[in-house]
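# An overview of the molecular structure
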Amino acid sequence: MQAKYNLKINEQLYQACVQLTEEHIKQDKGAFFGSLFNTLNHLIIADSYWLYKCCGDKSKVALLDGAGKPVAIKSVNDVLTDDFSILWRWRRQLDENIVEFIEGLSERDIAQEINHTTADGVETRYSLTKVLTHFFNHQTHHRGQATTLLSQMNVDYGCTDLLVFDV
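It should be emphasised that the depicted structure is a prediction, and the values quoted were computed from it without experimental measurement. Here the residue numbering is sequential within each chain, running from 1 through the sequence in written order. Where local features are concerned, this predicted model is filtered to residues with pLDDT of at least 70; where side-chain atom pairs are given and counted, the filter is 80 or more; whole-chain, interface and lining totals use all residues. Derived side-chain values reflect all non-hydrogen atoms in the structure, with water molecules and hydrogen atoms excluded from consideration.

## Details of helix 1 (residues 2-17)
Numbering goes from the N terminus for both helices and strands, where a helix is a DSSP run of H or I of at least four residues and a strand is a run of E of at least two. Each residue after the first adds 1.5 Å to the expected span of a helix. With 16 residues, helix 1 ought to run about 22 Å at 1.5 Å a step, and its terminal C-alpha atoms sit 22 Å apart, in line with that. Turning to helix 1, the residues buried within the fold contact helix 2 (22-26), helix 3 (36-55), helix 4 (84-103) and helix 6 (128-152). What makes two residues a contact is simply this: any of their non-hydrogen atoms within 4.5 Å.

The following block contains the structure:
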């Protein structure tokens, strides 16, 4: 349910963004990542990282630039592209891969643990259940920031309540 909601609400969010000029999308509004564009970019980075950690399949998270070359991610603050259409393409690809990954999980898969190194270098292990809870909460957190920015720019992004989505 969370993966399918994630796919639908991200599409709705990006649809709302096209009402803005690229200049407005990239304008620093004082948000945590500055602009709406950078907030959406951060979600691409985080989702790529966690999807790779969870499924270990690089093909599921390979982001290709406009020339078809893989994009290297070095930090949560990297700006991976300056092209909104490429960002949207990556969002759709990731969301489809997230749904596919989640639908393919078995009870045995859910019980596995994921290795993670924190930003300060501490090695940790988390249950896949905890990682996926974090993954979807992280999405919701930053989408909330994005919808606040859209509201400030007088853009109607529609209802975001999970309960009204058919997932």
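Having seen the model, we can carry on.
## A short note on the packing of aromatic side chains
Geometry of aromatic contacts follows a simple scheme: Phe, Tyr and Trp rings, the Trp one being its six-membered ring, pair when their centres are within 6.5 Å, and the pair is stacked under 30 degrees between planes, edge-to-face over 60, tilted otherwise. One pass over the structure, following the stated rule, counts 7 aromatic pairs. On the numbers, 5.3 Å between centres and 85 degrees between planes, the contact of Tyr5 with Phe165 is edge-to-face. Residue Tyr5 is located in helix 1, and its partner Phe165 is located in the segment after helix 6; the two are separated by 160 residues in the primary sequence. Whether a residue is buried, partly exposed or exposed follows from its accessible area with a 1.4 Å probe, protein chains only, as a fraction of its type maximum: under 20%, in between, or over 50%, in that order. The exposure class assigned to Phe165 is buried, which follows from its relative accessible area of 16%. A centroid spacing of 4.9 Å and a plane angle of 80 degrees characterise the contact between Tyr49 and Trp50, whose relative ring orientation is edge-to-face. Chaining the aromatic ring pairs together yields one cluster made of Tyr14, Phe84 and Trp88.

## Details of the layout of surface pockets
Looking at the largest pocket, its volume works out to about 660 Å³. We place a 1 Å grid over just the protein atoms. Points where a 1.4 Å probe fits but has no way out form a cavity, open points with protein on both sides within 12 Å along at least 5 of 7 lines form a pocket, and any residue with an atom within 4 Å of a point lines it. Around the largest pocket sit 24 residues that line it, and Ile45, Ser48, Tyr49, Trp50 and Ile73 are the ones nearest its centre. Mapped onto the lining of the largest pocket, the elements with two or more residues apiece are helix 3, strand 1 (113-117) and helix 6. In terms of residues, the lining of the largest pocket owes the most to one element, helix 3, which gives 7 residues. Amino acid classes used here: Ala, Val, Leu, Ile, Met, Phe, Trp, Tyr, Cys and Pro are nonpolar; Asp, Glu, Lys and Arg are charged; the rest, including Gly, are polar. By residue class, the composition of the lining of the largest pocket is 13 nonpolar, 9 polar and 2 charged. Grid points are joined across faces, edges and corners, and a volume is the space filled by probe spheres set on the points.

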